Amino acid sequence: MRALSIRGTGKSPYTSTPTPWFDKSREVTATSWNPDLGSTRALAAVPDSPAPLERSKSTVPGLPTRASGHRARCARPATPGPCRAALFIDLDNVTITDSQQSASDEVEALLQRIVLAAGPVDWKIAVAPGRTITDFGPSLAKLNLRWQVVPCSPDAADARILSLAEDLHRCGFQRYIIASADGYFADLREFGHLTVIARSGKPTSLRLRAAADELIAA
């Protein structure tokens, strides 16, 4: 089998060294990413322990902070530019069915279908607790997907995705593609055009279906 190389390192994740398989520069934290860098440029390395969720500060350097305890509605950019699109993958939501996690080959095929269904995007990321990222990281790297690790707690990934979307909106993004069946993401509709990619055969929240401009089964 040909070893999988991770962009920007030239190293195989399948080595005998005790270090993690993944290149931590592919993980995005609340202060390291910049949507204007493009969809393929590697990002700076991050600490071993992800910071806890904090909704009171902007996740993009230079943007104004938000009031603690609630999410402010964002003003649209004063000068409209090209329509920019972002893909968010709620990784636990699309890979777990009836409390059972799908096999790695099934997940890789699913992620390929999601990326294909999303079409050309300017920014794409998968968000999940560290355990899930570790399990499916090779597939994420193969598909050139960034990731962000969140605490293993209810709605942690959902809240982080919504926070990232809000800051992308401030940077001029107008199209939001979410791979999830969770009604939490109906709130993405306030930022622009919302496309929902749901796993085929998995029930999708009625609230999310009602908010979506486009619904795609993958």
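Residues numbered from 1 in each chain as written. Predicted model: local features only at pLDDT ≥ 70, side-chain atom pairs only at ≥ 80, totals over all residues. Heavy atoms only, no water.

## Digging into helix 2 (residues 104-118)
The periodicity of an α-helix, 3.6 residues per turn, causes residues three or four positions apart to be oriented the same way. Rules: Only DSSP runs of H or I reaching four residues or more are called helices, and only runs of E reaching two or more are called strands; each is numbered from the N terminus. In this analysis, the expected span of each helix is defined as 1.5 Å times one less than the number of residues it contains. For the exposure calls, accessible area comes from a 1.4 Å probe over protein chains only, and a residue counts as buried if that area is under 20% of its type's maximum, exposed if over 50%, partly exposed in between. The arc in question is traced by the directions running from the helix axis to the C-beta atoms. Note on contacts: a residue pair qualifies if any of its non-hydrogen atoms lie within 4.5 Å across the two residues.
With 15 residues, helix 2 ought to run about 21 Å at 1.5 Å a step, and its terminal C-alpha atoms sit 21 Å apart, in line with that. Residues of helix 2 that are buried: Val107, Glu108, Leu110, Leu111, Ile114 and Ala118. Viewed along the axis of helix 2, the buried residues span an arc of 165 degrees, placing them on a single side of the element. In this structure, helix 2 carries Asp105 and Leu116 as exposed residues pointing more than 90 degrees from its buried face. Of the surrounding elements, those touching the buried residues of helix 2 are strand 1 (84-90), helix 1 (91-95), helix 3 (130-142), strand 6 (173-179) and strand 7 (193-198).

## Here's the deal with helix 3
For clarity, the threshold we go by: By definition, a residue's bend is the angle between the axes fitted to the seven residues ending there and the seven starting there.
Taking 1.5 Å of rise per residue, the 13 residues of helix 3 would be expected to cover 18 Å, and the 18 Å separating its terminal C-alpha atoms lies within 8% of that figure. A maximum bend of about 65 degrees is found in helix 3 at phenylalanine 136, where proline proline 138 lies one to four positions downstream. Here helix 3 has its buried residues at Thr132, Ile133, Phe136, Gly137, Pro138, Ser139, Leu140 and Ala141. If you follow the buried residues of helix 3, they end up packed against helix 1, strand 3 (100-101), helix 2, strand 4 (123-129) and strand 5 (146-150).

## Brief notes about the packing of helix 2 against helix 3
Which entries qualify depends on this criterion: Here, axes are lines fitted to C-alpha atoms. For helices the fit covers the stretch in contact, and angles between N-to-C directions go from 0 to 180 degrees. Whether a crossing is left-handed or right-handed is set by the direction in which the near helix is turned from the far one by less than a right angle, anticlockwise for left-handed and clockwise for right-handed. In this classification, Asp, Glu, Lys and Arg are treated as charged, Ala, Val, Leu, Ile, Met, Phe, Trp, Tyr, Cys and Pro as nonpolar, and every other residue, Gly included, as polar.
Where helix 2 contacts helix 3, the axes come no closer than 10 Å and their chain directions differ by 30 degrees. Crossing handedness for the pair helix 2 and helix 3: right-handed. Note on element contacts: helix 3 touches helix 2 through Asp135, Phe136, Ser139, Leu140 and Lys142, opposite Ser104, Val107, Glu108 and Leu111. Residues of the contact of helix 2 with helix 3, tallied by class, amount to 4 nonpolar, 2 polar and 3 charged.

## Some remarks on the pattern of salt bridges
Rule in force here: Take a side-chain nitrogen of Lys or Arg and a carboxyl oxygen of Asp or Glu: if they are within 4 Å of each other, that pair is a salt bridge.
Tallying each qualifying case throughout the model produces 6 salt bridges. Between arginine 199 and glutamate 106 there is a salt bridge, with the nearest N and O atoms lying 3.7 Å from each other. Linking arginine 199 in the loop between strand 7 and helix 5 (206-211) with glutamate 106 in helix 2, this pair joins segments that are 93 residues apart in sequence. On the basis of relative accessibility, which here comes to 16%, the residue arginine 199 falls in the buried class. With relative accessibility at 42%, the residue glutamate 106 sits in the partly exposed group. For the salt bridge of glutamate 166 with arginine 170, the shortest nitrogen-to-oxygen distance reads 4.0 Å. A residue pair is termed a helical-turn pair when its members lie 3 or 4 positions apart in one helix, as glutamate 166 and arginine 170 do in helix 4 (residues 156-170) at 4 residues. Among the residues examined, glutamate 166 registers a relative accessible area of 0% and is labelled buried.

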